[in-house]
Structures are given as structure tokens and as C-alpha cells.
Amino acid sequence: MNSASTVRDFAPAHATDDADAPVTRRPFRVLRIGDAVSVRIRVRSAVVCAALLAAVVAVGLYTLATGDYSIPVPDVVRALLGGGDQATHFVVDSLRAPRLVTGVLVGAALGASGAVFQSITRNPLGSPDVIGFGTGSACGAVAVIVLAHGDAPEVSAGALAGGLATAAAVYLLALRGGAMQGFRLILVGIGVTGMLTAFDQWMLTRASINDAVTAQIWLTGSLNGRGWAQAVPLAIAVAVLLPCTALLSRQADLLEMGDDAARALGLRVERGRLALVVLAVALVAVATAAAGPVTFVALAAPQIARRMTKSPGVGVGPAAAMGALVVPVSDLAAQRLFPSELPVGVATGAVGGVYLAFLLARQWRGGR
């Protein structure tokens, strides 16, 4: 086969070449690029991703067009393409678009990260919100605000450092006999989350009133005031990390089968798990650095996407698309449904808390 890419249906081994014989099609297709690269694409997952991305575009256009200064959708499109009058261009490109782009990217990063962690731990509660990585990023940012009185870039750097340091500590504490156990990772993460939350509260009690207010607003998770200075670095990071995570999602599928089965299929278990953890933590860290700890998106988005796709695998793409929809919708609701504008973290926290209660009740009824 030459370097041209082809797509073919994946048929089971018992299919025949007889034109009259029924051929059962599996719900995925294989995309081959040259002789060395092949990618398996689930048809239903691809359709769900396309529908979710179309919804993201629709919500985005509505968000850009509505507000205190309403703009017709054609004028919004014209402004995005570089046309339109100066006032419309300023409102769309300078005020609303960076906030929207930041929200979409934050949601995509959190959704993909949650899918990876839930796969690694083989538990729907294995979310960065639960196991402390988001809290670690928040703790690093609060430390920079309170102790160093840092500006926005320094706060973002503190969030990145805090998330990575927390991930390293939780991962090492979760190791047992040279192997990481999913349930142990969750338990260690819950303990570390409690300690870091207490440390945050202690720092807030020791801070000046101005620093305490700034830190508390940041801890809520907000897209208020986000500009291209936050959106562009986040876009670059997500553009690098998300494809790498998607490429390694096959390893996460094998890890869901158990370590012994994954080893039997040729996977270097600890090396593959560590690579996935590093990528997922980096996604959480860059998202938290851009918008603060937007809670429950990483917990809910992968589970909702999995139920829509009816896929047994990780589903990094659908989870990212679902997160990219959840955050802008939550931000839109926080802006429009209340007398005063609320941070997006309040909306996701309220909805996510209800979802967590539902998930715990479902786990309890299932005897797990």
C-alpha cells in the first residue's frame, strides 16, 4: 500500500467473500495512513463527537451574540473573520471570544484528563477533583498569591508547579510493590486533598484582606476577565497534550483489562501508566492555571460521554468534546440566569455535586 490513507470497515474473522452471505459489521472502522500507522475509529463515538462539537459551535455563537450589547449572528461571524465595525470587533474579539475559547479549552482538557484517570483507576470516582491534582494546582496558585504577591503569569506558574508536585507525591505514595493500584491512588488522593485544602485555608487566614479576596475568587474557578494572554498559551498546551493523550488511549484500554492481561498483550504496564498520568496531570494543571479549579467537569464529562457513545474504552475524544460543551454552557448559565454574574465554578460545582450524589448512590446500589 502506498502512503495514501484509506478507511475500511473492520469485519469479524468469520465473514466470507460470498456476495450472498451476510457480513456482520463491527461498530468501528480502521483508518490506515501509509504502511506504519493505523487508527481504529468507532463510528458511534465519531458521530457523538461531531454532534458535541456542533453544539459547542452553536453555544459559542449564541454566547458571542448575546449579552448587554447584543450583536446579530452574521455580524459576529463577520467580526471573527476580521470584518465588521470597530465596536463589534472590540466586543467579539477582545471581550467575549477569549473567554469563550478559554472555557472550551479548559473543558476539553479536564474532560480528557478525567477519562484517563477513571480508566487508570478503573473507577468512575477516579477524577482529578477527587484525587487531589486540581487541589494541588490551586494550592500552588494560592501560595504564590498570598506568600509572593505574584501577578497573573506567576500565579499560573505556581498552579502548574503545584499540580505536578502533588501528582508526583500521590503517585509515589500509591505505589506498592513497584506497581500503582487504582483504589490506593484514590484513597491517597483523598487524604492529600484534605491536607492541601487545610493548608489553603490556613494561608487565607494569614493573608492580607486583598490577597485573601483575590485567592478566594481564584479558588472558585472563573472565566471572568480572561483574555488572549490566557487563551493562547492554553491553546498551545492543549494542542500538544490532547493528541498525545489520544494516541496513548489504547494503552489505557489495555490497562482497564487489568495489569496481568495488559502485560500478556505486550504492554509495559508501569511505563504506560506513568506516561498517561503525566499527560493527564499536565492537562489538569494547564486548565487550572488558566481558569482556576473548575470542579466536577473531569468527573462528570467522561461518564456522560461514555453513556452516549456506549463504548467500553477510555473515549478521550468524546470526553474532551463533552467537557468543551459543559464549561461554556455552565458559564453561559452563570452569566444569564442570575441577577449578578457568578463564576463558572459555582455552576459546575452545583450541577456536579448532584451528579456525584447520583453516582455514589448508583455505586452503592450496585454493591461496589
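Our subject in this report is the structure included herewith. (Residues numbered from 1 in each chain as written. Predicted model: local features only at pLDDT ≥ 70, side-chain atom pairs only at ≥ 80, totals over all residues. Heavy atoms only, no water.)

### Observations concerning helix H8 (residues 209-220)
(1) Moving on: Compared with an ideal rise of 1.5 Å per residue, which puts twelve residues at 16 Å, H8 spans 17 Å between its outermost C-alpha atoms and is within 8% of the ideal.
(2) Moving on: Within the span of H8, buried status applies to Asp211, Ala212, Ala215, Trp218 and Leu219. Summarising the axial view, the buried residues of H8 lie within an arc of 130°, below the 170-degree limit, and thus occupy one face. Opposite the buried face of H8, at more than 90 degrees from it, the exposed residues are Ile209, Asn210 and Ile217.
(3) Moving on: One or two positions beyond H8, positive phi appears at Gly221, with a value near 90°. (Helix = DSSP H or I, 4+ residues; strand = E, 2+ residues; numbered from the N terminus. Expected span 1.5 Å × (residues − 1). Buried < 20%, exposed > 50% of the residue type's maximum accessible area, 1.4 Å probe, protein only. Arc of directions from axis to C-beta.)

### Describing the pattern of salt bridges
(1) Moving on: Within the structure shown, the criterion is met by three salt bridges.
(2) Moving on: Among the salt bridges present, the one from Arg78 reaches Asp75, with a minimum N-O distance of 2.5 Å. Of this pair, Arg78 and Asp75 both sit in helix H2 (residues 73-80), three residues apart, which is roughly one turn of that helix.
(3) Moving on: By relative accessible area, which is 42% here, Arg78 ends up partly exposed.
(4) Moving on: By relative accessible area, which is 26% here, Asp75 ends up partly exposed. (Salt bridge = Lys/Arg side-chain N within 4 Å of Asp/Glu carboxyl O.)

### Considering the packing of helix H1 (residues 43-65) against helix H14 (residues 316-336)
(1) Moving on: Across the interface, H1 lies against H14 with an axial gap of 9 Å and an inter-helix angle of 25°. Looking at the two axes, H1 sits roughly parallel to H14. In this structure, the crossing between H1 and H14 has a hand that is left-handed. Each of Ser45, Cys49, Leu52, Leu53, Ala55, Val56, Val59, Tyr62 and Thr63 in H1 lies in contact with H14, whose residues at this interface are Gly317, Pro318, Ala321, Met322, Ala324, Leu325, Pro328, Val329, Leu332 and Arg336. (Axes fitted to C-alpha atoms, helices over the stretch in contact; angles between N-to-C directions. Parallel < 35°, antiparallel > 145°, perpendicular 65-115°, else oblique. Left-handed = near helix turned anticlockwise from the far one by under 90°. Contact = heavy atoms within 4.5 Å.)

### Quick notes on the side chain of Thr166
(1) Moving on: For Thr166, the position within the fold is in helix H6 (residues 152-174).
(2) Moving on: Overall, Thr166 belongs to the buried group, its relative accessible area being 8%.
(3) Moving on: Every residue in contact with Thr166, bar those within four places of it in the chain, is listed here: Gly132, Phe133, Gly136, Val192 and Leu196.

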